[in-house]
Amino acid sequence: MQMLTKFESKSNRVKGIAFHPKRPWILAALHNGSVQLWDYRMGTLLERFDEHDGPVRGIAFHPSQPLFVSAGDDYKIKVWNYKTRRCLFTLTGHLDYVRTVYFHHEYPWILSCSDDQTIRIWNWQSRTCIAILTGHNHYVMSAQFHPKEDLIVSASLDQTVRVWDFSGLRKKNAAPGSVSYDESAHRASQQADIFGSTDAVVKYVLEGHDRSVNWATFHPTLPLIVSAGDDRQVKLWRMNETKAWEVDTCRGHTNNVSCTIFHQRQELIISVAEDKCIRVWDMSKRTAVQTFRREHDRFWALTAHPELNLFAAGHDNGLIVFKLERERPAYAVHQSNLFYVKDKYLRVYDYATSQDTAVLSVRRAGSQFVQPRALSYNPAERAVLITSTVDGGTYELYSLPKDFNGGEAREPSNEGKRGVGNSAIFIARNRFAVLEKANQTITIRDLQNNSTKSFKTPSMVNEIFYAGTGQLLLSTPTSVILFDIQQRKVISEVTTPPVKYVVWSADMSYMALLSKHTITIANKSLEQTCLIHETIRIKSAAWDESGILIYSTLNHIKYALPQGDNGIIRTLDQPIYLTRIKGKNVYCLDRDGKTRAIAIDPTEYRFKQALTKQNYDEVLQIIRNSNLVGQSIIAYLQKKGYPEIALHFVREDKTRFELALECGNLEVGLETARAMDKEECWSKLAQEALRQGNHQIVEMCYQRIKNFDRLSFLYLATGNTDKLTKMLKIAELRGDAMSRFHNSLFLGNVEERVRLLQEVGQAPLAYVTARTHGMHEIADEILATAGLTPEDVADLPTQGSLLVPPRPIMRVHDSNWPQLAVSRSYFEGAFTGDMEGVAVPAHPTAAAAEPEEDQWGMDDEFNIPALEHKGASLAPVMSDALDMDGDGGWDMDADLTAELHAATGALVAEDTGLVIPVAGQSEGEIWCQNSPLAADHVAAGAFESAMQLLNRQVGAVNFEPLKDQFLSIFQASRTILTANEGMPSIVLPVRRNPGETDQRRALPVLAKSFQSLIAKELQEGYKATTANKLTEACTLFRGILHSLLLTIVTQSSEAEEVLQLVGVCREYLLGLSIELSRRECQNDTSPEGVKRMLDLAAYFTSAQLQPKHMIISLRTAMTACYKHKNLLSAQTFARRLLELAPAGHPTVTPARQIQQVAERNPRDEIQLDYDQFNTFVVCGISYTPIYRGSPSVQCPYCRAHFKPEFQGNLCTICDIAQVGGTGTGMVVMA
């Protein structure tokens, strides 16, 4: 037996613990007065409740309502609602420490016991005490309800265990219709005497302990009681209707036994004691089965999960959640049969008929309390190998009966086929391999269990797995080795974390290596194809029929494609172990060893696989027949280069617009641009339309954004002189001289140019322009106006030619130019219903590329004459005399000519062996693929994907403050090498792992150091705060917050420090902002202004700052309150300051003086909105308190709190994220 630790927390001493019956939560009652709520599956602290004064000892969840109850040394019982995270009410009545509290499983009752020697039953609905049980004459240490009967068991320091019968109380509190007249009359006569009431009476008094009894509890199903006390003994008691007696005593603890419970599924007793041990006892033999010892922690509390095989124990430094056995059943799958072990029987489940049959008794495999660990099946010889961890590792070889359909399970026919080994698997029809970890030896044995060969492992091996005939997979702590048994040599090796299980695909072409948090997919030669990382534990995996890996974690069923794409299929309430995937069903075993079939929706992963394999018919079928939507699918299609498919799913205008431009769909782009009508959209659409040659859309876009200069140049290029003339008039109306000059230059209008130059005072240029263009009269007038003669002007240059624009010969601006051919994809044609001319995409070849070359005049290169039909479209604007062929525009041979041309072009391309080169990946693209960190994407120059990552992780919406950071990181990741004169410089990327040869692991250099942030920027922020430079300090702390978003660390401890630093910066920014606001209010002497100033001074003290800065905030609040006669508040701040300031600090003396003055008259002249006894946070915008239980929203990055009315605003603390936004959490470590 071994203790499998599932979760461990570090905290103050834990005196009470309680599991939630459904959710993976556990409550811990601490000796320092706090109650902690943990998610033990994720290992996170969910909430902290601090309202008790003094240690909290009792804690319990309600079995069905969102409630829990706590009790402690303040004599109070508090009932909480964990959804609203506040205390609903407090029950008072006990006169001393309250030791334990429990809810009744059926009635609205709470059971409590106390050092006042009483046990009380409370109705938590009416909030009253309905019964007081007296009889113990010392502290009552524990009291619990029976899980089914109307009984209570209690343990006391008076050395007794008492069993109470409260059936009278149940009848008294039953519905009126179910109580007879006699009973009601009897009840009326008994209500006056509380202590003499027969509502709850002592049924048994169990005496046997020599010293104080600390704990007693009922067995969940049997009439048994177990108790533990300071006599270091655990006693077992049995009871019937008339009496109770001691059965036996378990001895072995060496100090006071704090708590003991029954195992809910096995005949075991578990106890914890102050001797730092957890002991497990055999209930039938009353002997110790196992002992688990901690070095420094005394145990105080122990509990079992009401439904799962989990236990929790509280000790001096926290709590531990553990199991006493592995719940994973040993199983193997062969064709349509599942072989597994359950309840000491080997069973076979037939997937086809759903028939489950017990085949063989395997009682010898394992032990009473240890289940078999692994199972290997040999179909050729119908044999199974079962491995167990008993006695350091053993295996058992069984032969199965020939016919196991129906009938009872048989006993094994062979004897003695057992041996020592930690792992045993079949490797051939009549051979199996056994690993002995102690001496690192692998032995090959035959079916008679005789050794045929033996050899040492090549390195430290933990497990062995099947790898085909004659081969083994060896799992080491750092890798997996493919080992050839015959040649005894290592064939290949792949680096992985310790592998626990290996799952082969049906055709043995791929394997999945399952570790605790990673899955490595490799081919049969052990070449890694992808690595998948999960934050929670991976439990099992199975391959489906199409080669997709389906795997399960603690709370999800997920999928993984061989190239690495993965996603969630569905969530799980409890972990399962996958055995087979068939169609839309997942077959699995649960932790109870029951076979189950779970329905799943395979649409998403089949869709992605079809895209990967370019099976476009299946993709189209899935799109048409399924409801496949979601941002993740759209992002995936964009990433994989299928924007036209993503366009089919999207209805949001902005996303449709971006996708339309990406796939060159101008019609959709124009439609969405009109709907949004933004300048940015029109500019992007104009750029794409210009690339394709659609100048009519370009013109519309320029007109919408009033880009007059580009419009004029467009009209010049298209020869549209009419609109150029209009542009000239528009420029004149706008008073834009430069635009007038350009338009007159484009039109060749010399008179307008001369007139414009005169108007703007450029007479010499006007004269030169007129003279050189032969406009002598106008030139003479200009000279006369200037008072000059032709003789006064030097000779003009005679060489050169006039700048006259070419005149358009043909009017082509009425229709578009010959546009760049944007080929429709297979999907675009399918979605529009027009499949003519659309073919399924194929890999590019020379013949396929030929038509594009024809369009751009490439025929001349191959000496192929231009086709006559290409000029037919010009017939309407040409002379009739040009129609020489006599076809009269019918183009009778056009089709034939086109076919001949295509065939000729294909032949020439084939002869020349023309192959279009394929572009490789840039270093930036490699970095983006290898890293999920925003900083690496910034270094790669992928600013957009970096911003998307930050938006997804921390809800970032304002990236303006990060602009300089983006540019500096981008520049720091590159070095520039000067080239030869006249040549551009060479830009070289800089890696942080330059020695890495595998491109899949290449990453950019780290531009920002987390340690430098702590050593430099953070210290500067502290210095600025100390020096009273608050605005400068705010700038520094906000800069740290911005830098942390783009900081990369390499260790998990540093990642935790990053989160802590975010909290430090948040507290300083909030506190300093409050202080700056207070200083602004100092000049307002109105009563409202003074009150606001004092409120802000009080709120400043709630910020979690460094001690020396906390002293400053407390001194500020103390002084302000004292000056305005708020002596009670000043006394509060003075007391806190004295607790914090070291002896001799200059603030100690005035604080003591203020405290002495305030003690004479402890009152406030101005009532503040500040409650020191109620936990609160300060809103980051209004600077007003938000008390515990009040609604609030948070910034997803810095976690600052705000009032709900500020949801959607930009966070004033970090200046990055949106208040109330969502984020998956900051990622700073790859």
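A short tour of the structure in this document, coming up. (Residues numbered from 1 in each chain as written. Predicted model: local features only at pLDDT ≥ 70, side-chain atom pairs only at ≥ 80, totals over all residues. Heavy atoms only, no water.)

1. Quick look at unusual backbone geometry
- The backbone phi angle of K276 is positive, close to 70 degrees, even though this residue is not glycine.
- A relative accessible area of 29% means that K276 is categorised as partly exposed.
- A positive phi angle is found at R488, which is not glycine, with a value near 50 degrees.
- Along the polypeptide, R488 turns up in the loop between β43 (479–484) and β44 (489–495). (Buried < 20%, exposed > 50% of the residue type's maximum accessible area, 1.4 Å probe, protein only. Helix = DSSP H or I, 4+ residues; strand = E, 2+ residues; numbered from the N terminus.)

2. As for the sheet that holds strand β49 (residues 538–543)
- Read across the sheet, four strands follow the order β49-β50-β51-β52 without closing on themselves; strand pairing throughout is antiparallel. Edge positions in the sheet fall to β49 and β52 (566–571), since each has one partner strand and no second. Pairs of neighbouring strands in the sheet enclose a mean axial angle of 25 degrees, with direction left out of account.
- Sheet analysis places strand β50 (residues 549–553) next to strand β51 (residues 556–560), joined by four bridges and oriented antiparallel. Directly across from L549, in β51, lies its bridge partner A560. (Pairing = 2+ DSSP bridges. Axes fitted to C-alpha atoms, helices over the stretch in contact; angles between N-to-C directions.)

3. Topic: the sheet that holds strand β9 (residues 86–92)
- An order of β6-β7-β8-β9 is seen for the four strands of this open sheet, with the pairing classed as antiparallel. Looking along the sheet, the strands with just one partner apiece sit at the ends: β6 (56–61) and β9. The mean inter-strand angle of the sheet, taken between neighbouring strand axes irrespective of direction, is 20 degrees.
- Two strands pair when backbone bridges link them, and strand β8 (residues 76–81) and β9 are joined in this way by six bridges, in the antiparallel orientation. Residue pairing across strands places K78 opposite T90, the latter belonging to β9.

4. Some points on a nonpolar patch on the surface
- Among the surface-exposed residues, L977, I986 and L988 lie close enough to one another that they form a single nonpolar patch of about 250 Å² accessible area.
- Topologically, L988 is positioned in strand β57 (residues 986–989).
- Relative accessible area serves as the criterion here: at 36%, L988 is assigned to the partly exposed category. (Patch = residues over 30% accessible without salt bridge, like charges linked within 9 Å, V, L, I, M, F, W, Y side chains within 5 Å. Areas by Shrake-Rupley, 256 points an atom, 1.4 Å probe, with all protein chains shown as cover. Salt bridge = Lys/Arg side-chain N within 4 Å of Asp/Glu carboxyl O.)

5. Observations regarding the side chain of E396
- In this fold, E396 is placed in strand β35 (residues 394–399).
- You can call E396 buried: its relative accessible area is 2%.

6. Observations regarding the packing of aromatic side chains
- Per the counting criterion, the structure on display carries 30 aromatic pairs.
- Judged by centre distance (6.3 Å) and plane angle (70 degrees), the rings of Y1099 and F1176 are edge-to-face. With Y1099 in helix α27 (residues 1087–1100) and F1176 in strand β58 (residues 1176–1178), this pair connects stretches of sequence that are 77 residues apart. The same class applies to Y1099 as to F1176, namely buried.
- Members of the aromatic cluster, joined through ring pairs, are W25, F49, F61, F68, W80 and Y82.
- Above the ring of W245, the side-chain terminus of K243 is found at 5.3 Å from the ring centroid.
- Taking the ring centre of Y501 as reference, the NZ or CZ of R328 above it sits at 3.7 Å. (Phe/Tyr/Trp six-rings, centres within 6.5 Å; stacked < 30°, edge-to-face > 60°. Lys NZ or Arg CZ within 6 Å of the ring centre and 35° of its normal.)

7. Description of the pattern of salt bridges
- Taken as a whole and judged by the stated rule, the model has 40 salt bridges.
- Linking K684 and E680 is a salt bridge whose minimum nitrogen-to-oxygen distance equals 3.5 Å. Pair noted here: K684 and E680 are both in helix α9 (residues 679–692), with a separation of four residues, about one helical turn.
- Exposure remark for E680: the relative accessible area of 53% places this residue in the exposed category.
- One salt bridge in this structure joins R1163 and E1165, with 2.6 Å as the shortest N-O distance.
- Looking at R1163, the relative accessible area reads 41%, which means it is partly exposed.

8. Section: the nonpolar core
- Ranked by size, the top nonpolar core spans 94 residues in total, and within it F1037, L1044, L1045, L1046, Y1197, F1202 and C1214 carry the most contacts.
- For this core, the element with the highest residue contribution is helix α26 (residues 1052–1081), accounting for 11 residues.
- Core analysis: the second largest hydrophobic core is formed by 22 residues, I697, C701, L724 and F746 among them. (Core = buried A, V, L, I, M, F, W, Y, C linked by side-chain atoms within 4.5 Å.)

9. Observations concerning the environment of I130
- With respect to the secondary-structure elements, I130 resides in strand β13 (residues 128–134).
- In this structure the C-alpha to C-alpha distance between I130 and W109, which are 21 residues apart in sequence, comes to 8.9 Å.
- Ignoring sequence-local partners within four residues, the contact set of I130 consists of W109, I121, W122, N123, L169, N173 and D199. (Contact = heavy atoms within 4.5 Å.)

10. Side note on the packing of helix α24 (residues 1010–1026) against α26
- Running from N to C, α24 and α26 point in directions that differ by 20 degrees, and their axes come no closer than 12 Å. Regarding the angle of α24 to α26, the classification is roughly parallel. The chirality of how α24 crosses α26 is left-handed. Contacts from F1010, Q1011, I1014, L1018, Y1022 and T1025 of α24 reach α26 at E1054, E1057, V1058, L1061, V1064, Y1068 and L1072.
- Considering only residue class, the contact of α24 with α26 consists of nine nonpolar, two polar and two charged. (Parallel < 35°, antiparallel > 145°, perpendicular 65-115°, else oblique. Left-handed = near helix turned anticlockwise from the far one by under 90°. Nonpolar A, V, L, I, M, F, W, Y, C, P; charged D, E, K, R; others polar.)

11. A few points about the packing of helix α12 (residues 721–734) against helix α13 (residues 737–747)
- As a packed pair, α12 and α13 sit with axes 8 Å apart at the nearest point and diverge in direction by 160 degrees. In terms of orientation, α12 lies roughly antiparallel with respect to α13. Crossing handedness for the pair α12 and α13: left-handed. Residues T721, L724, T725, M727, L728, A731, E732 and R734 of α12 form the contact with α13, whose participating residues are S739, R740, N743, S744, F746 and L747.

12. Digging into α12
- Between its terminal C-alpha atoms α12 stretches 20 Å, which fits the 20 Å expected from 14 residues at 1.5 Å a residue.
- Where α12 is concerned, the buried positions are L724, M727, L728 and A731. Each buried residue of α12 lies within a common arc of 105 degrees when the element is viewed along its axis, so the set occupies one face. Of the residues in α12, the exposed ones pointing more than 90 degrees away from the buried face are K726, K729 and L733.
- Of the residues flanking the end of α12, it is G735, one or two places downstream, whose phi is positive at about 70 degrees. (Expected span 1.5 Å × (residues − 1). Arc of directions from axis to C-beta.)

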